[in-house]
Amino acid sequence: MVRALVRTVRHFWPQLNRWLQGLPDTRYQPMVVYDPRFLCWWGFLLFCCKLGSRRQLDYQLRDLETRVLDNVNVLAECQQETLPVDKTLSHYLGHLGSAALGDLRTECVRRLIRNKVLDGARLYGGFVLAVDGTGYLRFDQRHCPHCLAHKNGSAVYYLHPVLEAKLVDPRGLALSVATEFIENPGADLPPENPDPATLTEYEKVKQDCELKAFARLAPKLKADFPQTPFWISGDSLYACGPVLTLCEQNRWSYVLTFKPGRTPNLWQDFQGLLKLCPKNRLRRRLPDDTRQCFRWVNDLPYEDSEGRHHTVHALLCEQITQDSPQTFAWITNQRLTPANVQALADQGGRVRSKIENQGFNIQKNSGLNLEHAYSTHPDILKAFYYLLQIAHLFLQMFEMGSLLQHLAREYHRTPRQLFGSLKNLAQRLLEGFRYFRVSDPAFDSTLTARCQIRLCDSS
């Protein structure tokens, strides 16, 4: 199993080590020099093995009687003689900065796109990016000058949310592509001990939010992937003029959740025109006996709050299951036809849930421990966040890739039958990394050049 993970990581290995080669050397003990490649791989292992906290590096990996030192040296192409303590990694990340690791995350995604590993996730030629914010860290006292202050009853909490754009598809993929931290600039801080009675109004006017963060994220995403076609998928918060304008300016497609409370006039127009378009209807029955009825209206005019004019197309899906009826609706800039409404609903609209289930939920509850404060320094916190995102990318390629499938088939089982859960899989990886030496042929340059990742449709 360790060999399967190593072969998966090997897909990124030459590019990773070339990138890490340019990082500055760092000295933390008078007679010890740690190569930056070694320390970065040390950080990846913290999350790939799902250790849960920084000090577990000392308890689980810092043991010279195991094969850990040999294996990290092979990964980093180094000849270190000792293993670092957990504070060494944190200290180095403070010098490195979070932006460099954000660039590395972007390079990993570019490599997957360039090598056509993710082509199965394309929707009409473009990749679906689910955009959503999530709670990252919460403190009872102000942690740094950029905390968001939030009132809950009579108490005030200090938050560090984050906005993510993750590449998703129906198989369960949720790869971090772009990140924007939701934080207040220092000049717009609330008072040190704000009055809870007045904080709500302050939050509405001055504090950072998802939409402001998306306005910052969009140009960075375009700069990182200037030629890549994207579909932006988001909840009803994003079905508004500023987001539509950004998508139009960047030539991105979008499928956004449509609710009457967000754009009431547009919703009323949609409901009225549905009655005038009886032919815009498609029915289907799913294998589990779920019945769906799609109805749609094209060319809906929409004027946003700033007087900008947009033309959108609206899609309604009425679904009847054994439990209860459900209704879903989206707006898009893709003209709707009987040939594309199913794909747009399934792969563009409803797939948005993957960012929450396969993205944030797994990162918070499966051992990656997203909500744990790995440091108290704001930029080091961000560096650990990017290390987690890169490690989760590696793990998804491993868990959903063909190499693990082949291993499971040797035992006439599926990966889930073989390991039971993702936590068990991480535990087996940790045991393998501690007690088995990764063979040098696994990193032969000629084999690395031919190494390919292929994602499986099911596990």
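The model shown is predicted, which means the values in this text are computed figures rather than measured ones.

About the cut-offs
Residues numbered from 1 in each chain as written. Predicted model: local features only at pLDDT ≥ 70, side-chain atom pairs only at ≥ 80, totals over all residues. Heavy atoms only, no water. Pairing = 2+ DSSP bridges. Helix = DSSP H or I, 4+ residues; strand = E, 2+ residues; numbered from the N terminus. Core = buried A, V, L, I, M, F, W, Y, C linked by side-chain atoms within 4.5 Å. Buried < 20%, exposed > 50% of the residue type's maximum accessible area, 1.4 Å probe, protein only. Polar contact = N/O pair within 3.5 Å; in protein donor to acceptor, adjacent residues only side chain to side chain. Contact = heavy atoms within 4.5 Å.

### Structural notes on the pairing of strand 12 (residues 309–320)
Each regular strand displays side chains that alternate between the two surfaces of the sheet.
So, point 1. Summarising the sheet, strand 11 (residues 291–303) and strand 12 pair through 11 bridges and their orientation is antiparallel. By the bridge assignment for strand 12, arginine 291 is matched with isoleucine 320.
So, point 2. Hairpin connection from strand 11 to strand 12: five residues lie between these consecutive antiparallel strands, with glycine 307 at a positive phi of about 80 degrees.
So, point 3. In this structure, strand 12 lies alongside strand 13 (residues 325–332), joined through eight bridges in antiparallel fashion. Its bridge partner being in strand 13, glutamine 319 is matched across the sheet by glutamine 326.
So, point 4. If you look at the hairpin formed by strand 12 and strand 13, you'll find four residues sitting between the two strands.

### Concerning the nonpolar core
One broad trend across soluble globular proteins is that nonpolar side chains are buried collectively.
So, point 1. Core analysis: the biggest nonpolar cluster contains 118 residues, and Leu118, Phe214 and Met397 have the highest contact counts within it.
So, point 2. In terms of residue count, helix 14 (residues 378–399) provides more of this core than any other element does, 15 residues in total.
So, point 3. Counting 21 residues, the second-largest nonpolar core is a separate cluster that includes Val168, Leu282, Trp296 and Leu344.

### A short note on the side chain of asparagine 340
So, point 1. As for its placement among the helices and strands, asparagine 340 is situated in the loop between strand 13 and helix 12 (341–349).
So, point 2. Overall, asparagine 340 belongs to the buried group, its relative accessible area being 7%.
So, point 3. There is a polar contact of 2.9 Å between the side chain of asparagine 340 and the backbone oxygen of arginine 335.
So, point 4. If sequence neighbours within four positions are ignored, asparagine 340 has contacts with Tyr124, Gln334 and Arg335.

### Focus on unusual backbone geometry
One can expect most non-glycine residues to show negative phi and most peptide bonds to be in trans.
So, point 1. Although it is not a glycine, tyrosine 124 sits at a positive phi angle of roughly 50 degrees.
So, point 2. Mapping tyrosine 124 onto the fold places it in the loop between strand 3 (122–123) and strand 4 (126–139).
So, point 3. Judged by its relative accessible area of 48%, tyrosine 124 falls in the partly exposed class.
So, point 4. Even without glycine at this site, asparagine 369 takes up a positive phi of about 60 degrees.
So, point 5. Mapped onto the elements of the fold, asparagine 369 is located in the loop between helix 13 (354–365) and helix 14.
So, point 6. The partly exposed category is assigned to asparagine 369, whose relative accessible area is 26%.

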